[in-house]
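# Tertiary structure, described
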Amino acid sequence: MTEKSALIRCGYVAIVGRPNVGKSTLLNHMLGQKISITSRKPQTTRNNVLGIKTEGDTQIIFVDTPGLHLGQEKAINRYMNRSASTAMKDVDLIIFVVDRLIWTEEDEAVARQLDHVNSPIILAVNKVDQIDDKETLLPHLQQLSEKLSALEIIPLSALRNINLDRLEKIIVDQLPEAVHLFPEDQITDKSSRFMAAEIVREKITRQLGDELPYEMAVEIEEFKYEGQLLNISALILVEKSGQKKILIGDKGERIKLIGTQARIDMEKLFESKIMLKLWVKIKSGWSDDERALRSLGYGD
Ligand code: GDP
Ligand code: MG
């Protein structure tokens, strides 16, 4: 064994970038387990989520962030930006994720924020599986290297597991020598109730992303084992009666489908048979109300 691999290493790695570039997908695939919800719709992730990967002497603590974006009008958006900026400070390494060859105003804003941090930055050029003309990649990587000072620029695909082993190797090399902060079987800092609520939110977002823009939250009202069965009851809060109708769907078909999909994911995650009940309630103005946000778990 070399001296280097005998070191006990542990450190925080923040995954940052604008919404929808694939940050949560990258976290899930690095962990080999789904802990952060993903969808085609921007702003699926609302809180910083820790994903912990322990292998032998090395513990990587990933911080998945909501994604910095320019809209600041609503309290929920301000909260999400705050979470992402906090995560950039005090980490050992930052992975800045971008979507293929695309560079937007929001990417630029993230890059300028990164000018003020001291941690080394790895630029992950994600979704390369979707680049048809591979010739365009190399000159673009060259251009990217001029936009910020990154330790490395890695083209990869989070979804198709392309180059993730290389990314992991670079991460491990950057981790400081330190004792592990979490037990080796712990994969996230979030509670089971939180994970259950997030799964329901993911299914709704995937089904109805365009019809329910942001104005939806999920609260777990019951989370209780009864023998071998886990009873979960979730309350879905929407802002308007029209949204409630859409969510329930014709003869309740929509909500039934959401429930079935959520239950399947929960049974995998909690390794148990699950009885899931979903309720929909109108609570107007929650996404712009700081106090309501805190009661839903979006507190600092
Ligand atoms: P986030 O907002 O940055 O956390 O983005 P998500 O992880 O939620 O992903 C946004 C969308 O991009 C989802 O539909 C993912 O399936 C998709 N996606 C993520 N990584 C890849 C990739 O490597 N290739 C392709 N084709 N799609 C990806
Ligand atoms: Mg996300």
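Residues numbered from 1 in each chain as written. Chains lettered and ligands numbered in written order. Predicted model: local features only at pLDDT ≥ 70, side-chain atom pairs only at ≥ 80, totals over all residues. Heavy atoms only, no water.

## Points about the overall build of the protein chain
A count of helical and extended segments in the protein chain gives nine helices and nine strands. By the burial criterion, 51% of the 300 residues in the protein chain qualify as buried. Expressed as a percentage of contacts within the protein chain between residues at least 6 apart in sequence, the contacts between residues at least 24 apart total 70%. (Helix = DSSP H or I, 4+ residues; strand = E, 2+ residues; numbered from the N terminus. Buried < 20%, exposed > 50% of the residue type's maximum accessible area, 1.4 Å probe, protein only. Contact = heavy atoms within 4.5 Å.)

## Things to note about the environment of alanine 14
Following the sequence through the fold, alanine 14 ends up in strand S1 (residues 9-16). The buried category is assigned to alanine 14, whose relative accessible area is 0%. In this structure, the C-alpha to C-alpha distance between alanine 14 and lysine 89, residues 75 residues apart in sequence, is 8.9 Å.

## Section: helix H4 (residues 137-147)
Buried residues of H4: Leu137, His140, Leu141 and Leu144, and no others. Down the axis of H4, the buried set is contained in an arc of 105°. They therefore lie on one face. The exposed set on the far side of H4, more than 90 degrees from its buried face, consists of Leu138 and Glu146. Structurally, H4 contributes buried residues whose contacts are with strand S4 (93-99), strand S5 (121-126) and strand S6 (152-155). (Arc of directions from axis to C-beta.)

## Regarding the sheet that holds strand S3 (residues 58-64)
Strand order in this open sheet of six strands is S2-S3-S1-S4-S5-S6, and the pairing throughout is mixed. Of all the strands in the sheet, the pair left with one neighbour each is strand S2 (49-55) and S6. Along the sheet, successive strands turn relative to each other by an average axial angle of 20°, direction set aside. Two strands pair when backbone bridges link them, and S1 and S3 are joined in this way by seven bridges, in the parallel orientation. Residue pairing in the sheet places cysteine 10 in a bridge with glutamine 59 of S3. Against the sheet, H4 makes contact with S4, S5 and S6, and its axis sits at roughly 150° relative to S6, the strand it touches most. (Pairing = 2+ DSSP bridges. Axes fitted to C-alpha atoms, helices over the stretch in contact; angles between N-to-C directions.)

## Some thoughts on the pattern of salt bridges
All chains considered together, the criterion is met by 17 salt bridges. Linking glutamate 168 and lysine 53 is a salt bridge whose minimum nitrogen-to-oxygen distance equals 3.1 Å. Here glutamate 168 is found in helix H5 (residues 164-174), whereas its partner lysine 53 is found in strand S2, with 115 residues between them in sequence. For the residue pair glutamate 168 and lysine 53, the accessibility class agrees, reading buried in each case. Salt bridges sharing partners connect three or more residues here, namely Glu202, Lys203, Arg206 and Asp265. (Salt bridge = Lys/Arg side-chain N within 4 Å of Asp/Glu carboxyl O.)

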